Amino acid sequence: MEYGLIIGSKNVKTEKRKKVFDKFTGEIIAEVSIATEKEVELALDSALRAKKTMAELPAHRRAEIIFKAVEIIKGKREFLGKLIAMEAGKPIKYALGEVDRCIENLTFAGEEAKRIHGETFPVDASKAGENRYGFYERFPVGIVVAISPFNFPLNLAAHKVGPAIAAGCPVILKPAGLTPLSGIELIKAFVEAGVPEGGVSVIAGSGSVVGEMLIKDKRVSKISFTGSREVGEHITKTAGLKKITMELGSNSAVVIDREVYDLNYTVKRCVLGAYYNQGQVCISVQRIYVHRDVFDDFLELFVNETKKQVIGNPLDEKTDIGPMISEAEAIRVESWIDEAKDEGARVLTGGKREGVVYHPTVIIDAKEDMRIVKDELFAPAVVIMPVNSFEEGVERADNSEYGLQAGVFTKDVEKAMFAFRSINTGGIMINDIPSFRVDQMPYGGNKGSGLGREGARFAIEDMTVLKAVIFNFNR
Ligand code: NDP
């Protein structure tokens, strides 16, 4: 397959090409055109020319375009599922789940497109405002640059592109270098759905070249970035005066109380959260703090469940665990876990790398200052630690530079509320894992996870600017 860039609704082929590989077999699945400075300029220029047209689209039309894109994506569900499975190494059952989420996510964006509105405000709350009337409205912010990571190549691009169209903004997508195909398919669907020329573009190329040109450009008003903390911090320092949304990484924790409703269910959810997409999920379960009284039972069940995980080709429906995104990543994980072992941690199962595959791994006897605990591990490996009380678990869960989501399992509603108030994350799941997310919820991190806001309504709001109007009746 050959993929071009999409600029101003047109398929643009360039001389520079990059091969995209099936992450499990290593086979070439497509060749994609790589943007140079010329194509970046073309995309920016066509977005600039589309700015007025996009802003003037009525709400019902913006919604209609998004719903049409949803229908196109629905019609390609199986194809897109396979594409994600191959380019991202995501087991097919989860890859299809990502397509379904993208469909739902864009549907929310289409619905919200019709609800963007301002509100009145009491001007006369100020003495100077007597006999005046005021309200504000929301207007599209301008050109949006959407930069997405490899691990949800379709849905995380949709999290940015859908809201941009809903808000009436031209958007340029820069997908991750290792997984550009799903993002290109997404933009194809929007072009086919009737976005005005220049309203959507996608340009593949490396972050350090193409991404860098986009984030620095003064014509861009908003950057919506999902990716690593390192790149996120770099963007905040480089972008200049722009609206910026940052969705970064984490080392999410779960706290297990002495009494939970169902220990088997708890373990099964934690196993899913730890290994889903090989742990390459921003809200993957990395740290589990278990009340000492149930620690042994929890651990035994967890190790047994881990051993049932089926490793294999992501295209096989039975596969639970596929490859890491690259062998370099698998080697990094191996080195972090080996380092922890040298410092006294014990591996109960897994701890093994076979090429690009890292086996699902359970680690105990880890210390809080080990890299596998305090940094983002981003791997099919989990650290399980005993605590003397639920409160200690909560405190340790919060003891992180990151703060995306956390989960607690308890039967006690007061403890649940204590966790909700005490853990500084963007979301807390009660009797569930931090990895739970639905695409309309307010979602975003705290601390080193960025302070962004996603979820249709919130993302759309952040792609608008407020304009106030005041009528003076003292004339
Ligand atoms: P990276 O930060 O490496 O890359 C993310 C995107 O940024 C890619 O498109 C990349 O392009 C681009 N990029 C890299 N350098 C620059 C630059 N200088 N200027 C502009 N863009 C640049 O992240 P990964 O793709 O490895 O994704 C994994 C990370 O994403 C993890 O930390 C994970 O936790 C986080 N994440 C956060 C989520 C959230 O909602 N909070 C959700 C999912 C993931 P290229 O690939 O070409 O280098």
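What you are looking at is a predicted structure, and each value in this text was computed from that prediction instead of being measured. Residue positions are given per chain, counted from 1 along the sequence in the order it is written. Only residues with pLDDT of 70 or above have their local features reported here, since the model is predicted, and side-chain atom pairs are shown and tallied only from 80 upward, although totals for entire chains, interfaces and linings are computed over all residues. Side-chain figures throughout are based on the complete set of non-hydrogen atoms in the structure, without hydrogens or water.

Engineer: Can you walk me through a nonpolar patch on the surface in this structure?
Structural biologist: Patch membership requires over 30% relative accessible area and the absence of a salt bridge. Like charges are linked within 9 Å, and nonpolar side chains (Val, Leu, Ile, Met, Phe, Trp, Tyr) within 5 Å. Where accessible areas are quoted, they stem from the Shrake-Rupley method and a 1.4 Å probe; at the residue level, only the protein chains shown are allowed to cover. In what follows, salt bridge is the name for a side-chain nitrogen of Lys or Arg lying within 4 Å of a carboxyl oxygen of Asp or Glu. Together, Tyr133, Phe471 and Phe473 give the surface a local cluster of nonpolar side chains, amounting to about 310 Å² of exposed area. Type-normalised accessible area, obtained with a 1.4 Å probe on protein chains alone, sets the label of each residue: buried when under 20%, exposed when over 50%, and partly exposed for intermediate values. Phe471 sits in the partly exposed class, given a relative accessible area of 40%.

Engineer: Explain the site of the ligand here, please?
Structural biologist: Nearness is judged by heavy atoms alone; a residue qualifies as near a molecule or strand once a single heavy atom is within 4 Å of it. Around the ligand lies a shell of 30 residues, among which Lys174, Glu212, Ser228, Leu248 and Glu376 are the nearest. What qualifies as a polar contact is a pair of N or O atoms within 3.5 Å, subject to a donor-acceptor requirement within protein and to the restriction that residues adjacent in sequence count only when both atoms come from side chains. Gly207 has a polar backbone atom sitting 2.9 Å from an oxygen atom of the ligand. About the coverage of the ligand: the protein hides 86% of its 900 Å² of free accessible area. Listing elements by their share of the shell around the ligand, those giving two or more residues are helix H7 (207-216), strand E11 (220-226) and helix H8 (229-238). Runs of H or I in DSSP of at least four residues are treated as helices and runs of E of at least two as strands, each being numbered from the N terminus. A per-element tally of the shell around the ligand places H7 first, with 4 residues. In the scheme used here, Gly and all other residues not listed as nonpolar or charged are polar, with Ala, Val, Leu, Ile, Met, Phe, Trp, Tyr, Cys and Pro taken as nonpolar and Asp, Glu, Lys and Arg as charged. Residue composition of the shell around the ligand, by class: 14 nonpolar, 12 polar and 4 charged.

Engineer: Teacher, can you tell me more about the pairing of strand E12 (residues 243-247) here?
Structural biologist: It is a general feature of regular strands that their side chains alternate between the two faces of the sheet. As judged from the 5 bridges shared by E11 and E12, these two strands associate in the parallel manner. Bridge assignment links Ser224 to a residue of E12, and that residue is Thr245. By definition, the crossover connecting two strands over a helix is right-handed if that path, from the first strand to the second, turns clockwise as seen with the strands pointing away from the viewer. Read from E11 through H8 to E12, the crossover connection turns out right-handed. DSSP-based pairing: two strands are paired if at least 2 bridges between them are found.

Engineer: Teacher, can you tell me more about the environment of Thr425 here?
Structural biologist: Residue position: Thr425 is located in the loop between helix H14 (413-422) and strand E21 (427-430). Using a relative accessible area of 17% as the deciding quantity, one classes Thr425 as buried. Sequence-wise, Thr425 and Gly129 are 296 residues apart; in three dimensions their C-alpha atoms are separated by 39 Å. If sequence neighbours within four positions are ignored, Thr425 has contacts with Gly403, Leu404, Gln405, Ala406 and Asn446. A distance of 3.0 Å separates the side chain of Thr425 from the backbone oxygen of Gly427, its partner in a polar contact. Should any heavy atoms of two residues lie within 4.5 Å, those residues are counted as being in contact.

Engineer: I would appreciate a short explanation of the sheet that holds strand E5 (residues 28-33) in the present structure.
Structural biologist: Two pairing modes exist for strands in a sheet, parallel and antiparallel, and in both the strands are linked by backbone hydrogen bonds. An order of E1-E5-E4 is seen for the 3 strands of this open sheet, with the pairing classed as mixed. Strand pairing shows two members of the sheet lacking a second neighbour, strand E1 (2-3) and strand E4 (17-21), which therefore form its edges. For E4 and E5, the ladder comprises 5 bridges, and the chain directions are antiparallel. Looking at E5, one finds that Lys18 is bridged to Val32. Helix axes use the C-alpha atoms of the stretch in contact, all axes being lines fitted to C-alpha atoms, and the angles between their N-to-C directions lie in the range 0 to 180 degrees. The strands that helix H3 (residues 77-88) touches are E1, E4 and E5; relative to E4, the one it contacts most, it runs at about 95 degrees.

Engineer: I keep staring at the pattern of salt bridges and nothing clicks. Help me out?
Structural biologist: Where charged atoms from two side chains of opposite charge come close, those side chains can pair. Here the structure, examined in full by the defined rule, presents 42 salt bridges. Note that Arg17 and Glu2 form a salt bridge whose closest N and O atoms lie 3.5 Å from each other. Placement of Arg17 in strand E4 and of Glu2 in strand E1 is noted, with a sequence separation of 15 residues between them. Since its relative accessible area comes to 34%, Arg17 is described here as partly exposed. A salt bridge links Asp320 to Lys93, with the nearest nitrogen and oxygen atoms 2.4 Å apart. You can see Asp320 sitting in the loop between helix H10 (292-307) and helix H11 (327-342) and its partner Lys93 sitting in helix H4 (residues 92-113), a full 227 residues away along the chain. We classify Lys93 as partly exposed; its relative accessible area is 36%. Residues joined by salt bridges that share partners form a network here, namely Glu2, Lys13, Arg17, Lys19 and Glu31.

Engineer: I would appreciate a short explanation of the domain arrangement of the protein chain in the present structure.
Structural biologist: It is common to give the size of an interface as the accessible area lost on bringing the parts into contact. What counts as a domain boundary in this text is fixed by an automatic or database domain assignment. According to the domain assignment, the protein chain contains domain 1 (2-249 + 448-469) and domain 2 (253-433). With 25 residues of domain 1 at the interface, the matching set in domain 2 holds 29 residues. Accessible area, probed at 1.4 Å, shrinks when two parts are joined; the buried area is that loss added up over both. Here domain 1 packs against domain 2, burying approximately 2300 Å² in sum over the two surfaces, 63% of which is carbon and sulfur. Interface area lost by domain 1 to domain 2 is led by Phe24, Tyr94 and Phe150, which between them contribute 25%. Applying the counting rule to domain 1 against domain 2 returns 2 salt bridges. The interface formed by domain 1 and domain 2 contains 9 residue pairs in polar contact (both at pLDDT 80 or more). Listing elements by their share of the side of domain 1 that touches domain 2, those giving two or more residues are H3 and H4. Broken down by element, the residue count for the side of domain 1 that touches domain 2 peaks at 5 residues, all from H3. Each residue belonging to the side of domain 1 that touches domain 2 can be placed in one class, and the counts come to 11 nonpolar, 7 polar and 7 charged.

Engineer: I tried to follow the packing of aromatic side chains on my own but got confused; where do I start?
Structural biologist: A ring pair, where both rings are aromatic, is described by two values, the distance of the centres and the angle of the planes. For Phe, Tyr and Trp, where Trp contributes only its six-membered ring, two rings pair if their centres lie within 6.5 Å, and the inter-plane angle classes them as stacked under 30 degrees, edge-to-face over 60, or tilted in between. Summed over the entire model, instances satisfying the criterion amount to 8 aromatic pairs. Measuring from ring centre to ring centre gives 4.7 Å for Tyr94 and Tyr276, while their planes differ by 90 degrees; the resulting arrangement is edge-to-face. Taken together, the positions of Tyr94 in helix H4 and Tyr276 in the loop between helix H9 (263-275) and strand E14 (287-291) put the pair 182 residues apart, joining distant regions of the chain. A single burial state applies to Tyr94 and to Tyr276, both of which are buried.

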